[in-house]
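Given next are the chains, with one letter for each unit.
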Amino acid sequence: MKTLNEICTEYQNIVYDLEEALTGGNFRRHREPGKPKIILERPSHSAAIERPHQVKTQTGEGQSLAVPPASAERASGSRRAFTGGSFLSAAANPAAALEALAEEVRGCSLCPLCEKRKQAVPGVGVINPLVMVIGEAPGAEEDQKGEPFVGPAGRYLDKWLEAVGLSRHVNAYIANIVKCRPPENRDPAPEEAAACMPYLLRQTQIIRPKTVLAAGRVAAQNLLQTGEGIGRLRGQSGTWQGLPFLATYHPSAVLRDPQLRRPVWDDMKKLKGLIDAQDAGQADAGAAPDF
Ligand code: URA
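Given the structure is predicted, the values throughout are model-derived calculations rather than measurements.

Visitor: Can you explain the overall build of the protein chain? Please cite residues and give values.
Guide: In terms of helices and strands, the protein chain carries 12 helices and 10 strands. A burial count over the protein chain gives 43% of its 291 residues as buried. Considering only residue pairs separated by 6 or more positions, the protein chain has 67% of its internal contacts joining residues 24 or more positions apart.

Pasting the structure below:
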């Protein structure tokens, strides 16, 4: 008869195989040697990135934004995390699932950015945030501290959030397209962004934000899989991964060019509107009050 430990190990290997198959092999975890592997035939995430579905979503101002294929959603992998000897459902224990994912990110070596980093920068904030802000990549200070947006751009971003009642400590979550600092703060390469995307998708699934805000060109282009400039992408509401989505300028760009402050303020008010609309929708869906 099998011991409980053996049964758990088998179950763990099945989950790892499925995660690997569903994420195009982006998991590198120990599995019992000599056990047959489960093979699922599906395109890898990077293949999906190279041939994005041009599913169009109508935006508030009558233009269209391209959204990534549904397969990217599936590429976000399992909702379960194996941590400290027990399986944790992301829905049942999102904080533990998020921490398990952060540990994976800290040990990641899926792309060459890992070679020069001081540390990876998984993300910061709360579960079930009103907004998930997605930036580009960690800079020097983030690389040093392991937290996104802690330099001058981060302090400025915090001000924008505060202006509409949001904070990384209370009701927001902040992450980046890539979790490791690109040398000389260059743009992340498409392969680096593609390698890191499953982490972002899994974070999104775990924290379940009400809305998503892309901060800057690199974030907006990678999320929407478009080469369109940020001047055209910003301020148009659409959806990403089924969530209300808005793009705005990057805080560093606004620090360089104060003329961008006005459009950013317009975008932040629009974001607040998206959040409020979500709240109103939920209130409408609730049971009628007893009066
Ligand atoms: N810029 C970003 O896009 N992300 C950070 O974390 C810091 C600066």
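There's more to say after this.
Visitor: How would you sum up helix α4 (residues 94-106)? Please name residues and give values.
Guide: Between its first and last C-alpha atoms α4 spans 18 Å; for 13 residues at 1.5 Å apiece the expected length is 18 Å, and the two agree. Of all the residues in α4, the buried ones are Ala97, Leu98, Leu101 and Val105. Along α4, the residues classed as buried sweep out an arc of 100° about the axis, all on the same side.

Visitor: Just give me the short version of the site of the ligand, but keep the residues and values in it.
Guide: Every residue near the ligand is listed here: Gly135, Glu136, Ala137, Pro138, Gly139, Glu142, Pro148, Phe149, Ala153, Gly154 and Asn176. Tallied by class, residues from the shell around the ligand come to five nonpolar, four polar and two charged.

Visitor: Tell me about the pairing of strand β8 (residues 211-215), and name the residues and values.
Guide: Counted residue by residue, β8 has five buried out of five residues, so it is predominantly covered. Burial along β8 is two-sided: the residues Thr211, Leu213 and Ala215 and Val212 and Ala214 are all buried. Direction of pairing for strand β6 (residues 131-135) relative to β8: parallel, over a ladder of four bridges. If you follow Val131 over to β8, its bridge partner there is Thr211. In terms of strand pairing, β8 meets strand β10 (residues 243-248) through four bridges, oriented parallel.

Visitor: Break down the pairing of β10 for me, citing the residues and quoting the values.
Guide: A large share of β10 lies buried, amounting to five of its six residues. Joining the antiparallel neighbours strand β9 (residues 238-240) and β10 is a turn of two residues, in which Gln241 adopts a positive phi near 55°.

Visitor: Summarise unusual backbone geometry; cite the residues concerned and give the values.
Guide: Non-glycine residue Asn185 carries a positive phi angle of around 55°. The topology assignment puts Asn185 in the loop between β7 (172-176) and α8 (190-207). The exposure class assigned to Asn185 is partly exposed, which follows from the 13 C-beta atoms found within 10 Å. Here the phi dihedral of Gln241 falls at roughly 55°; this positive angle occurs in a residue that is not glycine. Residue placement: Gln241 occurs in the loop between β9 and β10.

Visitor: Describe in detail the nonpolar core, supporting the description with residues and values.
Guide: With 63 residues, the main nonpolar core has Val131, Val133, Ile134, Ile177 and Ala214 as its most contacted residues. Here this core gets 10 residues from one element, more than from any other, and that element is α8. With near-sequence residues (within four places) excluded, Ala214 lies in contact with Ile134, Ala219, Ala220, Leu223 and Ala247.

Visitor: Just give me the short version of helix α7 (residues 152-163), but keep the residues and values in it.
Guide: What sets the pattern is the α-helix's 3.6 residues per turn: residues three or four places apart point alike. If you check α7, its first and last C-alpha atoms are 17 Å apart, about what 12 residues at 1.5 Å a residue would give, namely 16 Å. Ala153, Gly154, Leu157, Trp160 and Leu161 are the residues of α7 that are buried. Here the buried residues of α7 occupy an arc of 110° about the axis, which is enough to place them on one side. Exposed positions of α7 whose direction lies more than 90 degrees from the buried face are Arg155, Lys159 and Glu162. For α7, the elements touching its buried residues are β6, β7, β8, α11 (251-256) and α12 (261-285).

Thresholds, definitions, all that
Residues numbered from 1 in each chain as written. Predicted model: local features only at pLDDT ≥ 70, side-chain atom pairs only at ≥ 80, totals over all residues. Helix = DSSP H or I, 4+ residues; strand = E, 2+ residues; numbered from the N terminus. Buried ≥ 20, exposed ≤ 12 C-beta atoms within 10 Å, placed from the backbone. Contact = placed C-beta atoms within 7 Å. Expected span 1.5 Å × (residues − 1). Arc of directions from axis to C-beta. Near = placed C-beta within 6 Å. Nonpolar A, V, L, I, M, F, W, Y, C, P; charged D, E, K, R; others polar. Pairing = 2+ DSSP bridges. Core = buried A, V, L, I, M, F, W, Y, C linked by C-beta atoms within 7 Å.

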